[in-house]
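Each chain, letter by letter, is given below.
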Amino acid sequence: MSAELLSPLPIKRTCPYAPPAEHRRLREEQPIAKVQLPNGRIAWAVTRHEHIRAVLSDPRFSSNRRDPGFPSLSHEPPPSSDLKPLLLEMDPPEHGQARRGVLGEFTVQRTQALGPRIQQIVDQHIDAMLAGPKPVDLVQAFSLPVPSLVICELLGVPYADHEFFQTRSSALVNQKTPAEEIARAVGELMMYLGRLVAAKAESPTDDLLGRQIAKQRESGAVHYEDLVSMAFLLLIAGHETTANMISLSTLVLLQQPDKLAALQRDPSKTIAAVEELLRYFTIAEHALGRVAREDVELGGVRIGAGEGVLLLANTANRDPAVFGDADELDLERGSRNHLAFGFGPHQCLGQNLARLELQIVIDTLFRRIPGLRPAVPVDELPFKDETTVYGIREFPVTW
Amino acid sequence: MRVRIDESKCCGAGQCVMIAPRVFDQRDDGIVILLDAAPPTELHAAVREAACVCPGAAIALDERT
C-alpha cells in the first residue's frame, strides 16, 4: 500500500454515545480507507453498511486471527495459543461443520427455555442490591454477574462452582486486571473447564456440554479439547459484551426518562427497544475484522491478498443509507438490519440469548428499582474508550 | 410471493424465526424449516425483513407470484 492519508486507530470518542467524528468522515468521504493500527501495521477500515455486509459474506476474506495480516487493536503480537481454533477464527469448510455441531444449542426455542432461569438470576441480583449499601457499582453488582451466571446455566456449571467461575471470569474481562493475573485466570478456567468436561463425560448431564458429549459419543469419539475451546469461547463472547450492553442501556434509558417511561407503560415495546439499543451502541466496535486471502475489489478499491480489513460496524450502524435519523435513539425503530452481531456465516451464535437477557433486564430493573439513578455526574463515568468492546468500567448508581 | 430456502446456506442465527414465526421455524439442529412457501399478504413485510437480515442469504423470495 502507498503512504497516503493514514488515520491512526483507535480514536477516542468525544461523545460517549456516538462513534468518533473521524469515523463518520471516513464513512462519508473514504468508506474504505487505509488506517494505522496501534502495532504500526496498516489495514483497511470499512465504514459503510453495504461494504461490511459484503466483506462478512465473502469467503475470500478469512477469519483467521492468527494470520499476521489480521487487524488487531492490541499492541502485542497475537498470542501463540494452546487453544484449539475457536469457532470465530475458523474458515470454510471447517467453520460450517463446527458451527453446525453446536447450532442446536442456540435455537430460538432452546434459548427461550432459559427465560425463567434468567429472570430468577436478575431478580436475585436486584434483591441483593436492594438489601445492600448504596451507592453501588452496577457493573460489579449486576451487569457482570448476571451474564456470567447465565453462561454457568448454559454450560451446566454446578452451583457450588459458581463463585470460582465468576471470580476468574470477571478477572478475565476486567480491564484493570494485570496481565499475569489474566494469564492465571485463563489457566485456571481452562483447567476447570477441562475437569468439567471430563466430569460430564463420566456422568452426563442435560446441558450444553452434556448434550455435546452425548452427541459426539454417538458419532465416534468425544473431542475434549474442542469442547473446552467451545466453552471458553462462550465465556469470553457472552460475558463482557452482555455486561456492557446492560450498563450502557441502563445509563441511556436513565438519561432519557421520557423514553424509559414510554417503555414502562407498554412492555411489549421492549423487543424493538433492545434491537435499537443493540444498533445504537454496537459495542463490539473494534472486534470485527478479516484478512484477504486473495486480491479483492471492494467498492472500487483493491484490497490485496494478506491485507487486513477492520469493519467498523458501529459507524455502519449509523449509515444514513440504511437508517433514517441514524444518530437518534428511536426505541420504536424496530429495525433488525444492523450489524451489532456481525453478519454472514459467523454471525453471533448467542444473539438470541443476548436479546433475551437484555429484554428481561430492561423489563425488570426499572420496575423493581423505580428511583434508580446515576450516583455520580455522567460525564465523570469511566467509559471504555480504545478497547475492543465498548462499555463502562464502573457505574455507581443509587435510588 | 413464493419463498425458497437454501438449507446449505443456513447458519442458524434464528432471526427468521423471531421475525416471521408463522413462516419459518428451526429443526432441533438449528437449521431453518419453511412452514409456508406462499405466505399470506399480511406476512410479506416480515418475510422480506427476514430475507434481508438473514446472515447466510439463505432465504430467496419470488415476488412475481
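What you see is a predicted model; the values in this text were computed from it and never measured.

1. Focus: the pattern of salt bridges
Residue and element names in this part refer to chain A.
So, step 1. Enumeration according to the criterion identifies 28 salt bridges over all chains in this entry.
So, step 2. Of the charged contacts in the structure, one is a salt bridge between aspartate 207 and lysine 200, with a shortest N-O distance of 2.9 Å.
So, step 3. When its relative accessible area of 8% is taken as the criterion, aspartate 207 is described as buried.
So, step 4. One network of salt bridges, in which partners are shared, links Glu105, Arg110, Asp206 and Arg211.

2. Some details on the side chain of A:Arg355
So, step 1. Within the secondary structure, A:Arg355 is located in helix 16 (residues 351-368).
So, step 2. At 3.2 Å, the side chain of A:Arg355 forms a polar contact with the side chain of B:Gln15.
So, step 3. In this structure A:Arg355 touches A:Val274, A:Glu275, A:Leu278, A:Arg336, A:His338, A:Phe341, B:Gln15 and B:Met18, once residues within four positions along its chain are discounted.

3. Side note on the interface of chain A and chain B
So, step 1. Counting from both sides, the interface comprises 19 residues of chain A and, opposite them, 23 residues of chain B.
So, step 2. Between chain A and chain B, the buried area comes to about 1600 Å², and carbon and sulfur atoms account for 49% of it.
So, step 3. Per-residue buried area on chain A facing chain B is highest for A:Arg100, A:Leu103 and A:Arg336; these three make up 35% of the total on that side.
So, step 4. Scanning the region where chain A abuts chain B turns up zero salt bridges.

4. Comments concerning the environment of B:Val32
All names here are of chain B.
So, step 1. For valine 32, the location among the structural elements is in strand 3 (residues 32-34).
So, step 2. With 21 residues separating them in the primary sequence, valine 32 and cysteine 11 have C-alpha atoms 8.6 Å apart.
So, step 3. Setting aside residues up to four positions removed in sequence, valine 32 forms contacts with Ile5, Glu7, Cys10, Cys16, Phe24, Asp25 and Gln26.

5. With respect to the confidence of the model for chain B
Interpretation of the predicted coordinates at a detailed level should be avoided for regions scoring low in pLDDT.
So, step 1. Averaged over all residues, the pLDDT of chain B equals 96, while 100% of them reach at least 70.
So, step 2. For this predicted complex, the interface score ipTM comes out at 0.96, alongside a pTM of 0.94.

6. A closer look at the sheet that holds strand 5 (residues 136-137) of chain A
All names here are of chain A.
So, step 1. The three strands lie next to each other as 5-11-10, forming an open sheet whose pairing is antiparallel. Looking at strand neighbours, the two that pair on one side only are strand 5 and strand 10 (373-374), the edges of this open sheet.
So, step 2. Of the pairings in the sheet, the one linking strand 5 to strand 11 (residues 396-398) comprises two bridges and is antiparallel in character. Bridge pairing in strand 11 places aspartate 137 opposite proline 396.

Cut-offs used in this document
Residues numbered from 1 in each chain as written. Chains lettered and ligands numbered in written order. Predicted model: local features only at pLDDT ≥ 70, side-chain atom pairs only at ≥ 80, totals over all residues. Heavy atoms only, no water. Salt bridge = Lys/Arg side-chain N within 4 Å of Asp/Glu carboxyl O. Buried < 20%, exposed > 50% of the residue type's maximum accessible area, 1.4 Å probe, protein only. Helix = DSSP H or I, 4+ residues; strand = E, 2+ residues; numbered from the N terminus. Polar contact = N/O pair within 3.5 Å; in protein donor to acceptor, adjacent residues only side chain to side chain. Contact = heavy atoms within 4.5 Å. Buried area = accessible area lost by both parts, 1.4 Å probe. pLDDT = per-residue confidence, 0-100. Pairing = 2+ DSSP bridges.

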